[in-house]
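Listed below, chain by chain, are the residues.
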Amino acid sequence: NTIVGDRGTADYGRKIARISGAVTVTARPKPGGEDAPEGSVRREFKNPVTITGSEVVYNWKTRVADTSKDTVIRFTAQDRQW
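Scope of this entry: the structure provided in the associated data block. (Residues numbered from 1 in each chain as written. Predicted model: local features only at pLDDT ≥ 70, side-chain atom pairs only at ≥ 80, totals over all residues. Heavy atoms only, no water.)

1. Considering the overall build of the chain
Note the threshold: Secondary structure elements follow DSSP: runs of H or I of four or more residues count as helices, runs of E of two or more count as strands, with numbering from the N terminus. Note on classification: 1.4 Å probe, protein chains only; a residue is buried when its accessible area is under 20% of the maximum for its type, exposed when over 50%, partly exposed between these limits. Whether two residues touch is decided by their heavy atoms; if any such pair falls within 4.5 Å, the residues are in contact. For every accessible area listed, the method is Shrake-Rupley and the probe measures 1.4 Å; residues are considered covered only by the protein chains on display.
Scanning the chain from N- to C-terminus turns up one helix and eight strands. The proportion of buried residues among the 82 residues of the chain is 24%. At a minimum sequence separation of 6, the contacts of the chain that also span at least 24 residues come to 42%. Carbon together with sulfur atoms contributes 52% to the accessible area of the chain, which is approximately 6100 Å² in total.

2. Here's the deal with the pattern of salt bridges
To keep it simple, the criterion reads: Salt bridges are counted wherever a side-chain nitrogen of Lys or Arg sits within 4 Å of a carboxyl oxygen of Asp or Glu.
Under the counting rule described, the total for this entry stands at two salt bridges. For Arg18, the salt bridge goes to Glu55, with nearest N and O atoms at 3.3 Å. Within this pair, whereas Arg18 is found in strand β3 (residues 16–27), its partner Glu55 is found in strand β4 (residues 49–59), the two being separated by 37 residues in sequence. For Arg18, a relative accessible area of 42% corresponds to the partly exposed category. Glu55 gets classed as partly exposed once you look at its relative accessible area, which sits at 30%.

In structure tokens form, the structure reads like this:
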């Protein structure tokens, strides 16, 4: 996965990165989504997901990202744009 923005800071002690200004996150699905249960959303993701917004705070220890309120998520699932 890739996070790109205009500015960024990293706190290595807390393992937190704050990226701001025209943030774009490209999240790629893990291989093996075919093993997900039938009908699960996880099974539908085969293409990268694009997330845009003005800020993201990412904790690389927990692998959790908090995004700004203006966040937009775009993805293709079952041949439809969402």
